[in-house]
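# Working through the structure, step by step
What follows is each chain in one-letter form.
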Amino acid sequence: IIVDGEIIGYLSSLRSEREQDPEADLRLSLAAAFVGLHMIRRQTTKEVRHRLSGELINDLLGGRRDESIMSRIRRLGYDLAPPFFVVVLTWQQRRWEKTTIRPTAKMVMGSTAGIVSRQYPEALIGEKDGFVLFALSVDDEQEVTEVANRVVAAVQDTFSGTTASVCVSRRCTQIWDMEAA
């Protein structure tokens, strides 16, 4: 299965070379097209959600205070019910070698999202100015710190030669506290 010139998977038919079945070949081709279209749709949805999350984070951190922000939070399915905590993740390459992958914000955000969204699917996760941020609607600072530490460990394990650190905000009791956090 090829999407945008990249092989994303394989479909195979188990039969001998002597067996000719044009209908099976057609079904296999249609299945490959369906899977390819489904993968494109998922990727597009992911990219749009990422862009909208980034715009939302920019507005929240930029001090925009209007009801449209609350509406966007609900529409995007994020849970920012108070109390919540904001975690800011930063990273730095310790050394540069030809074999070392230099992580971009998008790569680090993907790694962060994988860890955070497994336990908190409604968490707001985004990137701003080279930092990755996520907001967790929980009341236990220790729980947030444990998640943040798992993210740091994953980033450092995934991207060799990278040092990561986090800052956990004070408890936010209203959405506008995110700006100060």
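Treat the numbers as computed from the prediction; the structure is a model and nothing was measured.

### A word on the overall build of the protein chain
- The secondary structure content of the protein chain amounts to five helices and six strands.
- Reading the protein chain from its N end, one meets helices and strands in the order β-β-α-α-β-α-β-β-α-β-α.
- Computed over the C-alpha atoms, the radius of gyration of the protein chain is 21 Å, more than 25% above the 16 Å expected from 2.2 N^0.38 for a compact globule of 181 residues.
- Counting every position in the protein chain, which comprises 181 residues, the buried fraction comes to 34%.
- Here the analysis covers contacts within the protein chain between residues at least 6 apart in sequence; of these, 65% occur between residues at least 24 apart.
- Accessible surface, the protein chain: about 11,300 Å² in total, of which carbon and sulfur atoms supply 53%.
- For the protein chain, the centre of its 23 positive side-chain charges and the centre of its 25 negative side-chain charges are spaced 3 Å apart.

### Comments concerning the pairing of strand β3 (residues 85-93)
- Relative to strand β5 (residues 131-136), β3 is paired through five bridges, and the arrangement is antiparallel. Each bridged residue has a counterpart across the sheet, and for Val88 the counterpart in β5 is Leu133.
- Sheet analysis places β3 next to strand β6 (residues 162-168), joined by seven bridges and oriented antiparallel. If you follow Gln93 over to β6, its bridge partner there is Thr162.

### A look at the packing of helix α3 (residues 105-119) against helix α4 (residues 141-158)
- Relative to each other, α3 and α4 sit at 140°, their axes nearing to 10 Å. Our classification of the angle between α3 and α4 gives oblique. At the point where α3 passes α4, the crossing takes the right-handed sense. Along the contact surface, α3 presents Val108, Ser111, Thr112, Ile115, Val116 and Gln119, while α4 presents Glu143, Val147, Arg150, Val151, Ala154, Val155 and Thr158.

Basis of the calculations
Residues numbered from 1 in each chain as written. Predicted model: local features only at pLDDT ≥ 70, side-chain atom pairs only at ≥ 80, totals over all residues. Heavy atoms only, no water. Helix = DSSP H or I, 4+ residues; strand = E, 2+ residues; numbered from the N terminus. Rg over C-alpha atoms; globule rule 2.2 N^0.38 Å. Buried < 20%, exposed > 50% of the residue type's maximum accessible area, 1.4 Å probe, protein only. Contact = heavy atoms within 4.5 Å. Areas by Shrake-Rupley, 256 points an atom, 1.4 Å probe, with all protein chains shown as cover. Lys, Arg positive; Asp, Glu negative; His and termini not counted. Charge placed at Lys NZ, Arg CZ, Asp CG, Glu CD. Pairing = 2+ DSSP bridges. Axes fitted to C-alpha atoms, helices over the stretch in contact; angles between N-to-C directions. Parallel < 35°, antiparallel > 145°, perpendicular 65-115°, else oblique. Left-handed = near helix turned anticlockwise from the far one by under 90°.

Everything listed here is a matter of coordinates, which is why it stays silent on function.
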